[in-house]
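Letter by letter, the chains look like this.
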Protein chains: 4
Amino acid sequence: MCGIVGIVGKSDVNLQLYDALTMLQHRGQDAAGIVTCDGDRLNQQKANGLVRDVFRARHMQRLTGNFGIGHVRYPTAGSSGPALAQPFYVNSPYGIAMAHNGNLTNVKEVSEEIFQQDLRHINTDSDSEVLLNVFAHELHKQHKLQPKAEDIFTAMRAVHKRVRGGYACVAMIVGYGVVAFRDPNGIRPLVYGKRETDQGTEYMVASESVALDVLGYTLVRDVAPGECLYIELDGTLHSEQCAENPQLRPCIFEHVYFARPDSIMDGVSVHKARLRQGEHLAEKILRERPDHDIDVVIPIPDSSRSAGQMVAHRLGVKFREGLVKNRYIGRTFIMPGQKQRKKSVRQKLNPIELEFRGKNVLLVDDSIVRGTTCKQIIQMARDAGANKVYFASAAPAVKYPNVYGIDMPSATELVAHGRTTEEIREEIGADWLIYQDLPDLIVSSGEGNTEIKQFENSVFDGEYITGDVTEEYLHSLHTARNDNAKESKGKQSPM
Amino acid sequence: MCGIVGIVGKSDVNLQLYDALTMLQHRGQDAAGIVTCDGDRLNQQKANGLVRDVFRARHMQRLTGNFGIGHVRYPTAGSSGPALAQPFYVNSPYGIAMAHNGNLTNVKEVSEEIFQQDLRHINTDSDSEVLLNVFAHELHKQHKLQPKAEDIFTAMRAVHKRVRGGYACVAMIVGYGVVAFRDPNGIRPLVYGKRETDQGTEYMVASESVALDVLGYTLVRDVAPGECLYIELDGTLHSEQCAENPQLRPCIFEHVYFARPDSIMDGVSVHKARLRQGEHLAEKILRERPDHDIDVVIPIPDSSRSAGQMVAHRLGVKFREGLVKNRYIGRTFIMPGQKQRKKSVRQKLNPIELEFRGKNVLLVDDSIVRGTTCKQIIQMARDAGANKVYFASAAPAVKYPNVYGIDMPSATELVAHGRTTEEIREEIGADWLIYQDLPDLIVSSGEGNTEIKQFENSVFDGEYITGDVTEEYLHSLHTARNDNAKESKGKQSPM
Amino acid sequence: MCGIVGIVGKSDVNLQLYDALTMLQHRGQDAAGIVTCDGDRLNQQKANGLVRDVFRARHMQRLTGNFGIGHVRYPTAGSSGPALAQPFYVNSPYGIAMAHNGNLTNVKEVSEEIFQQDLRHINTDSDSEVLLNVFAHELHKQHKLQPKAEDIFTAMRAVHKRVRGGYACVAMIVGYGVVAFRDPNGIRPLVYGKRETDQGTEYMVASESVALDVLGYTLVRDVAPGECLYIELDGTLHSEQCAENPQLRPCIFEHVYFARPDSIMDGVSVHKARLRQGEHLAEKILRERPDHDIDVVIPIPDSSRSAGQMVAHRLGVKFREGLVKNRYIGRTFIMPGQKQRKKSVRQKLNPIELEFRGKNVLLVDDSIVRGTTCKQIIQMARDAGANKVYFASAAPAVKYPNVYGIDMPSATELVAHGRTTEEIREEIGADWLIYQDLPDLIVSSGEGNTEIKQFENSVFDGEYITGDVTEEYLHSLHTARNDNAKESKGKQSPM
Amino acid sequence: MCGIVGIVGKSDVNLQLYDALTMLQHRGQDAAGIVTCDGDRLNQQKANGLVRDVFRARHMQRLTGNFGIGHVRYPTAGSSGPALAQPFYVNSPYGIAMAHNGNLTNVKEVSEEIFQQDLRHINTDSDSEVLLNVFAHELHKQHKLQPKAEDIFTAMRAVHKRVRGGYACVAMIVGYGVVAFRDPNGIRPLVYGKRETDQGTEYMVASESVALDVLGYTLVRDVAPGECLYIELDGTLHSEQCAENPQLRPCIFEHVYFARPDSIMDGVSVHKARLRQGEHLAEKILRERPDHDIDVVIPIPDSSRSAGQMVAHRLGVKFREGLVKNRYIGRTFIMPGQKQRKKSVRQKLNPIELEFRGKNVLLVDDSIVRGTTCKQIIQMARDAGANKVYFASAAPAVKYPNVYGIDMPSATELVAHGRTTEEIREEIGADWLIYQDLPDLIVSSGEGNTEIKQFENSVFDGEYITGDVTEEYLHSLHTARNDNAKESKGKQSPM
């Protein structure tokens with residue numbers, strides 16, 4: 001997962017891009033980058049690390065220019081290493097930089113094609129570099145000295161035909177403006193807004209609405225699936241639908257875990273969706289055990305707090321902050337002659353004993369992925385004296401890998417893969433395990449915007465909406481992620 | 001405020017000290033340091049920054065030795081700068097390092113005395129350096145080639161006679177062991193615990209019990225006011241009361257804001273105390289307006305969550321996470337030709353509009369200090385469409401500076417100083433302002449341990465329990481803090 | 001001035017490139033970079049600083065691959081800043097990286113042309129980026145999936161037609177090999193050599209032969225003016241003359257100052273040339289004043305030592321190391337409230353008084369550029385008690401700017417520009433000033449290789465051999481260099 | 001070997017100390033430190049690295065105060081590691097910082113004594129820390145609130161009685177002034193000078209006169225053996241002889257290799273001494289082989305240039321710079337799967353072939369220590385085509401370790417230890433080996449100041465003038481230096 005932002009402003013946009021990336025930092029803490037355009041020159045700074053560490057005063061001073069784009073990166077398979085920080089850049093045609101959130105599922109074929117047609121060298125394993133080169137190639141084909149909106153849209157139509165997967169992108173064309181687009185299913189989120197200034201209207205495109213809010217932009221709307229926006233340097237905004245059969249099928253996992261609760265995505269308040277998740281979960285609990293003996297509901301901070309509160313409220317039992325999160329986690333050192341000591345979950349999450357001792361506790365989390373952490377928390381609850389430990393997941397069982405840009409483990413590492421709920425319960429050591437039902441999860445989000453007919457739910461049901469995800473592809477993903485687990489170097493981007 | 005830890009173990013203690021400092025990081029994020037003792041040599045690493053940044057593998061490798069101490073520093077007036085990272089060290093007698101949490105109120109006199117008696121140079125404004133030298137001087141006076149417990153206790157008795165204020169300390173004597181002590185009023189917290197290993201018993205002394213818990217130590221008890229512990233290298237533990245009229249009067253502000261909720265301090269669960277604060281606050285609200293029109297209770301994260309939940313529960317209204325905290329705050333850059341733009345509170349705390357729009361909202365915070373942040377939050381609530389904005393503080397009005405080690409602004413910067421509740425309400429722009437009553441706050445904490453007859457409440461009532469705090473002293477503090485205030489950071493969250 | 005190197009080896013070439021750059025460091029201390037090719041991937045590291053600071057173990061580990069190129073940069077007008085470290089890279093076609101030593105005199109026109117023909121964006125003021133894009137464009141035009149030697153030579157022929165100036169370059173084509181070429185006048189130096197290993201023959205191309213020597217390569221020969229070498233990954237070497245009227249007219253200033261004395265350039269030993277400069281200079285001295293009263297010859301270290309020795313020998317007077325060079329020069333700090341203190345020349349060069357006191361001293365330097373340093377040294381000699389201070393320059397008066405890659409000040413900053421020798425003597429404060437005559441300088445170098453019919457002497461006589469250097473161009477250069485001059489560093493010593 | 005400096009000025013001395021350390025950098029490139037005194041506060045910055053790297057603007061801003069001291073460190077046995085950068089500091093009495101050049105030979109005894117008498121903990125293996133504590137202890141014994149010159153001299157008399165070895169030191173007493181002293185034999189050099197300003201006279205004490213010269217100080221004289229200077233903050237200078245039988249016996253190796261040629265040491269011009277070394281060496285060559293067949297004399301740069309010129313002049317043969325020194329040496333990387341490749345001498349020193357080919361070459365070096373480098377250079381000369389390779393050393397055979405502060409290998413690593421000249425010649429592979437005779441070396445230096453009756457020559461004749469150097473001590477030194485060769489960590493200084 002990553003966060004992206006693009007701004008066409010009326011004065012230097014460096015500080016705005018910086019602040020916007022700060023608001024999107026939860027989408028990726030691995031690397032950050034900004035590229036701006038000043039006249040016919042592009043300025044950039046990107047590196048591994050948090051936004052606050054990557055950009056120093058000397059960088060900001062160099063990042064002049066009234067339009068630009070930014071990126072925060074989540075470490076995914078094959079994407080780590082300092083040289084893979086985005087935005088990426090090609091100098092032909094025009095000079096184009098691009099920041100990408102998502103994942104392409106036909107990278108290999110496209111990468112070969114693009115070399116044979118245009119001799120374009122792809123230097124990394126990053127699908128973002130491929131996407132940039134496809135777009136650059138399609139734009140170059142029209143060979144205009146000055147690209148017009150129609151040229152860009154023509155290129156974009158070709159891009160959608162060539163690539164598959166989930167992608168939300170912002171690109172910057174040196175000297176001209178910012179391009180933003182979203183895949184034909186709208187899997188990854190993208191919104192835009194505007195702000196009036198004395199010098200005219202400024203536009204911002206971003207992964208989440210919260211970046212708009214905090215910087216004083218008014219949300220205009222989501223970028224539509226398949227739609228392409230082109231905002232010229234002078235502030236003229238063009239937009240066109242560039243996909244053949246666009247259909248809004250956004251990733252439901254954003255609502256479960258990834259997005260900030262104060263964001264509105266495709267018309268749905270994430271906070272509200274999570275409250276509704278809690279309601280539905282409570283109802284399932286009551287259906288399963290109308291006369292349950294739960295004494296207290298304790299959320300696993302931070303993302304399950306909203307759902308947890310609602311569960312407690314519906315059940316009519318106490319809601320308590322019984323687990324304290326430590327936000328200052330240290331490194332794990334390996335000293336000579338000592339065994340590696342795994343940092344215990346407890347350093348991150350410590351139980352307040354008196355909320356556990358002698359009680360029947362319902363722990364609520366947003367989802368269960370590998371199951372290892374939740375197993376440790378359940379044990380911690382028992383050690384703290386809990387009588388019974390129940391566990392509720394606001395999302396259904398995660399059984400399949402994600403291929404559209406969320407860095408989930410491969411299937412075999414998912415605790416729910418190939419296991420029944422009872423088997424999972426046993427594996428994690430809970431006395432009772434309640435999963436949200438998928439229809440309930442869908443309703444929780446869908447209620448916010450009835451125009452969404454379908455969500456991208458593949459991690460729960462294995463249905464990949466792009467229709468082209470083969471066993472072979474999943475296998476190669478599995479290998480990459482496993483290789484990556486051992487050593488996370490990858491190759492370098494040239495610029 | 002600072003965090004301290006000392007360990008006498010059976011093998012290298014560097015990793016334990018590191019992990020313990022990580023658990024105490026909420027008590028100070030400004031600087032960190034560790035000193036260990038290996039044979040007759042002392043090893044150290046200290047610098048400005050978070051624990052995770054100050055210690056690298058190469059430092060840890062050097063920090064050999066079976067006993068040592070550590071410190072995390074909160075930036076207080078006159079205490080910043082890399083040269084002031086603790087522990088401090090003097091080489092005479094024996095080589096002694098010390099880490100200190102608190103503040104002495106007669107530093108100036110003691111500092112001059114110590115120079116005249118022993119020609120000891122104090123190079124900083126730090127009272128910690130003074131305290132170390134007083135202890136060193138008193139120990140030196142006995143001129144023993146090998147100090148025994150009784151020598152240390154004799155020195156300690158002299159220390160308590162010479163210095164005034166609040167102090168909890170750990171010291172390390174090269175070649176011998178770890179000393180821990182607490183001022184005669186027990187203003188600052190200090191606990192100790194033990195852990196059995198195959199090689200024998202290991203001891204840890206720390207500011208908060210949570211450090212013991214997480215590292216697998218069992219809490220033995222709080223160090224008593226005036227008590228001195230001396231744990232020899234071989235694990236022999238000595239203890240003695242070294243003050244003349246010790247009396248437990250711990251700082252109540254630890255329970256309001258500073259301590260982690262999962263800590264037990266002087267027998268009181270901080271979490272429980274905060275829940276009780278919420279109960280009492282709710283009762284006051286109901287007393288003041290039995291037919292209030294509050295629609296929703298919204299906590300200001302993170303420290304007021306427990307109290308806020310209890311308020312909501314007692315009032316029988318909804319409790320909602322309506323403010324989203326951004327944990328990734330960036331720098332403030334000043335660009336050439338631009339005015340300094342103050343980071344808005346909103347970058348740190350963004351409202352979820354639908355929890356505010358059209359509602360009568362009760363915001364709950366742990367306390368109100370300068371009032372500037374709370375004023376901005378109230379305005380933010382109004383901008384988000386709140387009908388009425390009420391504000392409740394789980395602590396009474398903060399009217400006086402703290403002189404025992406909490407870095408509060410001087411009196412004139414406190415919004416409540418010299419103002420009535422009504423005037424404060426107007427200043428911060430609330431529609432209704434409810435402060436906890438001091439007796440209720442005291443009861444909230446005192447209920448946890450009825451042996452505490454009195455708390456250190458000076459920030460609320462101006463009564464300084466050491467009885468020696470003059471106007472002149474407060475004035476000098478004011479000056480120091482104002483000099484410092486130019487670059488000050490305001491209140492920092494413990495979590 | 002810069003140093004370049006390219007290697008096609010039989011195993012990883014990173015360490016060889018590193019060592020070679022170390023041997024070429026005297027040609028540029030401002031920035032350094034290496035790019036290697038491993039399979040179809042390019043790896044790079046470049047940054048501001050000395051070779052020993054730019055490359056760390058973690059970088060070297062990443063720089064895998066059996067062929068690659070490297071660059072050290074001298075700071076020239078408009079070339080500083082980390083973003084301008086070479087090699088530069090374009091991904092289309094094939095992925096090409098290039099390292100360049102020299103300067104193009106028709107950058108502006110070519111840069112516009114290349115955009116209009118191929119929409120290639122040039123993001124910097126660097127002529128190196130332009131040269132790379134011209135080459136890339138010409139190679140792309142042939143649209144071969146796999147470029148053959150003939151394709152590269154065809155592209156090179158077009159390059160020589162389009163660009164003017166002095167340039168020696170190495171380029172790397174991802175997956176294929178290394179290309180090396182020199183401008184049609186051979187202004188900038190370039191040699192190549194080979195080394196036999198068990199796996200086969202390895203080739204190195206470098207700015208100076210000393211890099212070959214030290215790494216165990218045998219010098220094959222200089223790359224001819226206009227010639228292009230293409231060394232394939234498998235070690236096959238192709239070469240072809242690609243210029244229409246190539247003629248060897250190398251820069252004579254390399255022999256005066258820039259090159260290492262142990263290099264052989266275009267068949268001339270730099271050391272020998274400098275000895276001959278000394279002989280000719282001595283003869284002129286004897287012609288001017290057959291009964292001179294010189295007591296001692298003192299060189300200004302390090303570059304004038306060879307010439308100085310020869311002068312002393314011919315004159316039959318003592319030669320003494322009377323000036324001691326400090327190789328550890330510190331920064332210049334500006335303290336608040338203090339005026340900037342210029343580092344005195346004396347910190348770099350201190351006189352041994354007893355070699356000056358009461359004597360008639362002849363100082364020998366390789367050349368006089370701005371005249372400010374030499375004025376200070378003459379004053380220093382007087383302060384040290386010299387009776388008379390004579391000054392001899394092994395090169396003629398430097399009167400014109402260099403446009404082929406040596407970073408000299410613009411004309412108005414040259415002490416000799418528009419001044420007679422007598423006026424210069426007065427300006428620098430010498431009692432006698434002797435300049436080498438240009439024909440003598442030419443003979444000093446030309447004697448080493450009688451096939452060189454002409455040298456590039458423009459800094460002495462204003463004759464620019466490419467025939468296209470206009471007043472307008474010189475003016476723009478002047479402006480660029482003056483902008484830069486604010487923070488400029490003056491002449492840097494190669495050793 | 002190390003360099004030290006102390007200044008008592010009329011305004012901030014930070015920049016002067018910085019510049020002075022830059023002038024003394026040749027005496028130590030391993031670490032650097034400055035301590036200044038401003039009112040009753042001491043400011044310091046010290047770290048591993050060159051002066052230009054250790055001090056940044058932010059450090060200089062902190063280093064306020066009108067007096068202070070500085071140090072540059074040469075890595076010696078047991079002295080490396082960042083924590084051993086000098087000056088060292090103790091806070092009792094007064095606050096004293098000290099910078100030391102030399103080595104004590106009775107560290108172990110003194111260290112134990114000082115603990116037993118005063119419980120002073122010595123945390124490192126550094127004799128400098130011991131020396132500081134002895135001085136501090138002796139000064140403390142007099143227990144004066146304000147130390148007068150006489151108190152300091154009394155302390156100094158005691159210091160000279162307790163410690164043995166070679167030492168030149170500057171110390172700073174917080175609030176009072178700078179103390180400088182030299183051991184009773186004057187083994188290590190120390191000079192002082194003064195400078196008049198509008199505010200009064202400023203004093204500087206330094207290891208070498210060149211630091212005085214360049215900063216505009218006039219050399220007053222050398223500090224006498226056993227003498228102590230005390231310069232008060234107000235500029236009053238006191239001096240007294242504090243040793244019982246002082247006698248000037250300076251280290252002759254300073255004249256051979258260590259000192260800068262432009263320094264005057266104990267009245268002797270180092271440059272002149274080296275010229276005389278050359279004369280005497282030439283005479284020996286002529287005595288040994290009156291009809292020698294030497295074609296050319298080639299110095300091994302940089303330190304043997306003066307002697308080499310004189311040799312050539314006396315022999316009447318050519319003198320040529322036939323070896324080119326590369327001043328930019330890179331790191332040695334160890335790549336995975338590769339053997340460590342030793343950097344060849346050739347990367348540092350490359351022969352100009354035509355000065356060697358077919359000639360009988362006399363190489364001149366200042367001295368021969370391990371013999372390994374000189375063996376490689378001789379081989380290099382042969383590879384470059386030399387007919388015969390003769391080798392002359394301006395110093396006699398180095399056969400014994402140095403115990404007074406020069407970091408020489410232990411005896412077994414010295415090529416001359418236990419070997420005849422003929423055996424050494426064979427070992428290094430020369431065709432003829434000429435060593436300076438010790439009496440000639442002594443005359444070369446002694447001629448400059450006939451008041452020096454004796455030099456410290458122990459590395460040549462094994463006579464240790466302090467009369468207390470036992471086999472056991474040499475053995476322990478041997479062990480330390482060998483241990484150190486493997487791993488150079490050492491222990492840490494506490495401040």
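Per an unreviewed UniProt entry, chain A goes by the name Amidophosphoribosyltransferase and belongs to Microbulbifer pacificus. Quoted verbatim from the Sequence similarities (unreviewed entry) field of UniProt, the annotation for chain A is "In the C-terminal section; belongs to the purine/pyrimidine phosphoribosyltransferase family." The UniProt entry for chain A carries this comment under Pathway (unreviewed entry): "Purine metabolism; IMP biosynthesis via de novo pathway; N(1)-(5-phospho-D-ribosyl)glycinamide from 5-phospho-alpha-D-ribose 1-diphosphate: step 1/2."

1. Here's the deal with the nonpolar core
All names here are of chain C. With 36 residues, the main nonpolar core has Ile96, Phe135, Ile152 and Val179 as its most contacted residues. Mapped by element, the contributors of at least two residues to this core are β5 (88–90), β6 (96–104), α4 (107–118), α5 (127–140), α6 (149–162), β7 (165–173), β8 (177–182) and β12 (227–232). Ranked by residue count, the leading element in this core is α5, at seven residues.

2. Quick word on the sheet that holds strand β9 (residues 191–197) of chain C
Residues and elements named next belong to chain C. In spatial order, the strands read β3-β2-β4-β1-β10-β9-β11; together these seven strands make up an open sheet with antiparallel pairing. The open sheet has two edge strands with one neighbour each: β3 (41–48) and β11 (218–222). Recorded for the sheet is a direction-independent mean angle of 15° between the axes of neighbouring strands. Of the pairings in the sheet, the one linking strand β1 (residues 2–8) to strand β4 (residues 67–73) comprises seven bridges and is antiparallel in character.

3. Comments concerning the pattern of salt bridges
Within this structure, the stated rule accounts for 146 salt bridges over all chains. Residue arginine 370 of chain A pairs with glutamate 413 of chain A through a salt bridge whose shortest N-O separation is 3.3 Å. Residue arginine 370 of chain A is located in the loop between β20 (360–365) and α12 (372–383), and its partner glutamate 413 of chain A is located in the loop between β21 (388–393) and α13 (421–428); the two are separated by 43 residues in the primary sequence. Two residues, arginine 157 of chain D and glutamate 240 of chain D, come together in a salt bridge whose shortest N-O distance is 2.7 Å. In this pair, arginine 157 of chain D sits in helix α6 (residues 149–162) while glutamate 240 of chain D sits in strand β13 (residues 237–241), placing the two residues 83 residues apart along the sequence. Taking the relative accessible area as the measure of exposure, arginine 157 of chain D reaches 25% and is therefore partly exposed. When salt bridges that share partners are traced, they join Asp302, Arg305, Glu321, Lys325 and Arg327 of chain A together with Asp302, Arg305, Glu321, Lys325 and Arg327 of chain B into one network.

4. Describing the environment of leucine 433 of chain D
Residues and elements named next belong to chain D. As for its position among the elements, leucine 433 is in strand β22 (residues 432–435). A residue is classified by how much of its surface remains accessible, and leucine 433, at 4% relative accessible area, is buried. Put simply, leucine 433 and valine 178 are 255 residues apart on the chain and 48 Å apart in space, counted from C-alpha to C-alpha. If we skip the residues at most four places from it in the chain, leucine 433 touches Ile368, Phe391, Thr421, Ile424, Arg425 and Ile428.

5. As for the packing of helix α4 (residues 107–118) of chain D against helix α5 (residues 127–140) of chain D
Residue and element names in this part refer to chain D. Closest axis-to-axis distance for the α4/α5 pair is 10 Å, and the angle between their directions is 40°. Accordingly, the angle class assigned to the pair α4 and α5 is oblique. In this structure, α4 crosses over α5, and the sense of that crossing is left-handed. Residues Val107, Val110, Ser111, Ile114, Gln117 and Asp118 of α4 form the contact with α5, whose participating residues are Asp127, Val130, Asn133, Val134 and His137. Of the residues assigned to the contact of α4 with α5, the class counts are five nonpolar, four polar and two charged.

6. Structural notes on α4 of chain C
For an α-helix, 3.6 residues make a turn, and residues three or four places apart therefore share a direction. Residues and elements named next belong to chain C. Along its twelve residues, α4 runs 16 Å from first to last C-alpha, staying within 8% of the 16 Å computed at 1.5 Å per residue. Among all positions in α4, only Val107, Val110, Ser111, Ile114 and Asp118 are buried. What you see down the axis of α4 is that its buried residues fit within an arc of 100°, all on one side. Turned more than 90 degrees away from the buried face of α4 sit Lys108 and Gln116, all of them exposed.

7. Regarding the packing of aromatic side chains
Here the distance between the centres and the angle between the planes together describe a pair of aromatic rings. Counted under the stated rule, the structure contains 48 aromatic pairs over all chains. On the basis of an interplanar angle of 85° and a centroid distance of 5.0 Å, the ring pair of phenylalanine 333 of chain A and tyrosine 18 of chain B is categorised as edge-to-face. Of this pair, phenylalanine 333 of chain A sits in the loop between β18 (323–325) and α11 (345–348) while tyrosine 18 of chain B sits in helix α1 (residues 14–23), which puts the two residues in different chains. Like tyrosine 18 of chain B, phenylalanine 333 of chain A is buried. On the basis of an interplanar angle of 65° and a centroid distance of 6.3 Å, the ring pair of tyrosine 404 of chain D and tyrosine 464 of chain D is categorised as edge-to-face. Of the two residues, tyrosine 404 of chain D sits in the loop between β21 (388–393) and α13 (421–428) while tyrosine 464 of chain D sits in the loop between α15 (458–461) and α16 (471–486), which places them 60 residues apart along the sequence. Members of the aromatic cluster, each reached through a chain of ring pairs, are Tyr74, Phe253, Tyr257, Phe258 and Phe460 of chain A. Cation over ring: arginine 289 of chain B sits above tryptophan 432 of chain B, and NZ or CZ is 3.9 Å from the ring centre.

8. Describing the sheet that holds strand β2 (residues 31–38) of chain A
Residues and elements named next belong to chain A. A sheet is described by the order of its strands in space; here seven strands give the open sequence β3-β2-β4-β1-β10-β9-β11, paired in antiparallel fashion. Among the strands making up the open sheet, the edge pair consists of β3 (41–48) and β11 (218–222). Shown here is a sheet whose adjacent strand axes are inclined to one another by a mean of 15°, direction ignored.

9. With respect to the relation of the copies chain B and chain D
For these two chains of identical sequence, chain B goes onto chain D by a turn of 179° and a shift of 0.1 Å along the axis, with RMSD 0.1 Å. Between the two chains, the operation in question is that of a two-fold axis. A shared interface surface links the copies, since 88% of the contact residues of chain B are contact residues in chain D too.

10. What about the interface of chain B and chain D?
The interface of chain B with chain D comprises 33 residues on the first partner and 33 residues on the second. With both sides pooled, the region where chain B packs onto chain D buries about 2900 Å², and carbon together with sulfur makes up 49% of that total. Salt-bridge contacts for aspartate 125 of chain B lead to arginine 41 of chain D; the nearest nitrogen and oxygen are separated by 3.1 Å. Viewed at the interface, chain D and chain B are joined by 20 residue pairs in polar contact (both at pLDDT 80 or more). At the level of elements, β3 (41–48), β5 (88–90), α4 (107–118) and α5 (127–140) of chain B are the ones that each hand at least two residues to the side of chain B that touches chain D. Looking at the side of chain B that touches chain D residue by residue, the classes come out as eleven nonpolar, 14 polar and eight charged.

Conventions and cut-offs
- Just so you know, the residues in each chain are numbered from 1, in the order the chain's sequence is written.
- Chains and ligands are labelled by the order in which they are written, letters from A for the one and numbers from 1 for the other.
- Reporting in this predicted model follows two pLDDT cut-offs: at least 70 for local features of residues, and 80 or more for side-chain atom pairs to be given and counted; totals over whole chains, interfaces and linings ignore these cut-offs and use all residues.
- In computing side-chain properties, one takes all heavy atoms of the structure into account and sets aside hydrogens as well as water.
- UniProt positions are given in the numbering used here, feature names are shortened, and annotations may be inferred rather than shown by experiment.
- Take the buried residues of types Ala, Val, Leu, Ile, Met, Phe, Trp, Tyr and Cys, join any two whose side-chain atoms come within 4.5 Å, and each joined set is a nonpolar core.
- Three labels apply to residues, based on accessible area from a 1.4 Å probe with only protein chains included: buried if under 20% of the type maximum, exposed if over 50%, partly exposed otherwise in between.
- Helix numbers and strand numbers start at the N terminus; a helix is a DSSP run of H or I with at least 4 residues, a strand a run of E with at least 2.
- For two strands to be treated as a pair, DSSP must find no fewer than two bridges joining them.
- A fitted line through C-alpha atoms serves as each axis, taken over the contacting stretch for helices, and the angle formed by two N-to-C directions is quoted from 0 to 180°.
- Salt bridge, as used here, is a side-chain nitrogen of Lys or Arg placed within 4 Å of a carboxyl oxygen of Asp or Glu.
- Whether two residues are in contact is decided by their heavy atoms, any of which lying within 4.5 Å being enough.
- Roughly parallel covers angles under 35 degrees, roughly antiparallel covers those over 145, roughly perpendicular covers 65 to 115, and oblique covers all other angles.
- Crossing handedness follows the turn of the near helix against the far one: under a right angle anticlockwise gives a left-handed crossing, and clockwise gives a right-handed one.
- We call Asp, Glu, Lys and Arg charged. Ala, Val, Leu, Ile, Met, Phe, Trp, Tyr, Cys and Pro are nonpolar, and the rest, Gly among them, are polar.
- What a helix is expected to span follows from its residue count: subtract one and scale by 1.5 Å.
- Here the arc refers to the directions that run from the helix axis out to each C-beta atom.
- Stacked, edge-to-face and tilted labels apply to pairs of Phe, Tyr and Trp rings (six-membered ring for Trp) whose centres lie within 6.5 Å, assigned for plane angles under 30 degrees, over 60, and everything in between, in that order.
- We call a charge positioned over a ring when the NZ of a Lys or the CZ of an Arg lies within 6 Å of the ring centre and within 35 degrees of the ring normal.
- The superposition of copies rests on a least-squares fit of C-alpha positions from residues with pLDDT of 70 or more in both.
- Computed with a 1.4 Å rolling probe, the buried area is the accessible surface lost when two parts are put together, summed over both parts.
- Any N or O atom pair separated by 3.5 Å or less is treated as a polar contact, with the protein-specific requirement of one donor-capable and one acceptor-capable atom, and with residues adjacent in sequence counted only for side-chain atom pairs.

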